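Single-letter residue listing:
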Amino acid sequence: MKKIIRKIFIAIGLKKPLLAYQLVFRKGFLTEYGFIRSWMQGFPVDKDGEYYPWWTYSFTNFISSRVNATTEIFEYGSGNSTIFLSKIVGNIVAVEHDKKWYETLRLMLNKNAELILVSKDDYVNSIKDHKYDVVIIDGLYRNECAFKCVYNLKEAGVIIFDDTDRSDYNPAYDYLRKNGFSRIDFTGLSPCSLNENSTSIFYRENNCLDI
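Residues numbered from 1 in each chain as written. Predicted model: local features only at pLDDT ≥ 70, side-chain atom pairs only at ≥ 80, totals over all residues. Heavy atoms only, no water.

Draft legend 1. Representation of the packing of helix 8 (residues 142-149) against helix 9 (residues 170-178) in the model. At a minimum axis separation of 8 Å, helix 8 and helix 9 run at an interaxial angle of 15°. Here helix 8 lies roughly parallel to helix 9, going by the angle between them. Where helix 8 crosses over helix 9, the handedness of that crossing is left-handed. Residues Arg142, Asn143, Ala146 and Phe147 of helix 8 lie in contact with helix 9, whose contacting residues are Asn170, Pro171, Ala172, Tyr175 and Leu176. (Axes fitted to C-alpha atoms, helices over the stretch in contact; angles between N-to-C directions. Helix = DSSP H or I, 4+ residues; strand = E, 2+ residues; numbered from the N terminus. Parallel < 35°, antiparallel > 145°, perpendicular 65-115°, else oblique. Left-handed = near helix turned anticlockwise from the far one by under 90°. Contact = heavy atoms within 4.5 Å.)

Set out below in structure tokens:
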């Protein structure tokens with residue numbers, strides 16, 4: 001336990017052992033949301049050790065209460081969010097370009113989750129012709145994925161875009177705005193990070209999340 005306290009201490013620059021101890025053992029945001037456990041394990045989990053998305057905590061709280069067994073999702077980029085959402089939604093299809101990660105993840109998913117292995121060349125167009133309630137952009141070629149996936153949304157469909165604190169994706173933000181999408185940002189703490197991060201929803205009127 002002393003090693004755990006020392007690691008937290010070093011990571012956040014604390015000089016008082018008592019404060020580090022309280023962060024580990026006191027019931028508060030960092031423990032109740034699994035931040036401390038995630039930090040020690042090196043990947044996102046909740047307080048019980050279940051896989052948890054890399055998204056901001058505020059966004060994960062929001063989306064988990066707005067999707068259900070009727071929701072169909074397509075995800076550019078697979079991972080913890082795929083595992084997490086497969087326990088909530090009716091169907092999720094995720095695309096992955098890394099074969100090693102694909103082979104690992106596919107054994108961890110529920111039957112309602114489909115994982116597709118594609119080459120980088122086929123990544124953007126892997127969404128095909130189906131229309132979804134939610135499209136998640138959290139992988140490669142995010143600008144291009146945003147341009148493409150608008151045509152694969154149901155009338156009430158929304159786009160979830162991670163890491164929107166990055167200016168690299170300004171072309172996507174501008175494109176979506178020009179195509180009638182509004183934007184709401186969920187900015188704050190996310191697992192395994194001491195920086196401020198953002199996950200955003202791009203939506204139109206009468207959307208499936210009732211925004």
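Draft legend 2. Quick peek at the environment of Ser65. Note that Ser65 resides in the loop between helix 5 (57-64) and strand 1 (72-76). The exposed category is assigned to Ser65, whose relative accessible area is 55%. There is a polar contact of 2.9 Å between the side chain of Ser65 and the backbone oxygen of Phe62. (Buried < 20%, exposed > 50% of the residue type's maximum accessible area, 1.4 Å probe, protein only. Polar contact = N/O pair within 3.5 Å; in protein donor to acceptor, adjacent residues only side chain to side chain.)

Draft legend 3. Representation of the side chain of Ser193 within the structure. With respect to the helices, strands and loops of the structure, Ser193 is situated in the loop between strand 6 (182-188) and strand 7 (197-203). Of the residues examined, Ser193 reaches a relative accessible area of 14% and is grouped as buried. A polar contact of 3.1 Å, which involves the side chain of Ser193, links it to the backbone nitrogen of Asn195.

Draft legend 4. View of the sheet that holds strand 4 (residues 132-137). An order of 3-2-1-4-5-7-6 is seen for the seven strands of this open sheet, with the pairing classed as mixed. Edge positions in the sheet fall to strand 3 (113-117) and strand 6, since each of these pairs with one other strand and no more. Shown here is a sheet whose adjacent strand axes are inclined to one another by a mean of 15°, direction ignored. The pairing of strand 6 with strand 7 spans seven bridges and is classified as antiparallel. Note on strand 7: the bridge partner recorded for Gly188 is Asn197. (Pairing = 2+ DSSP bridges.)

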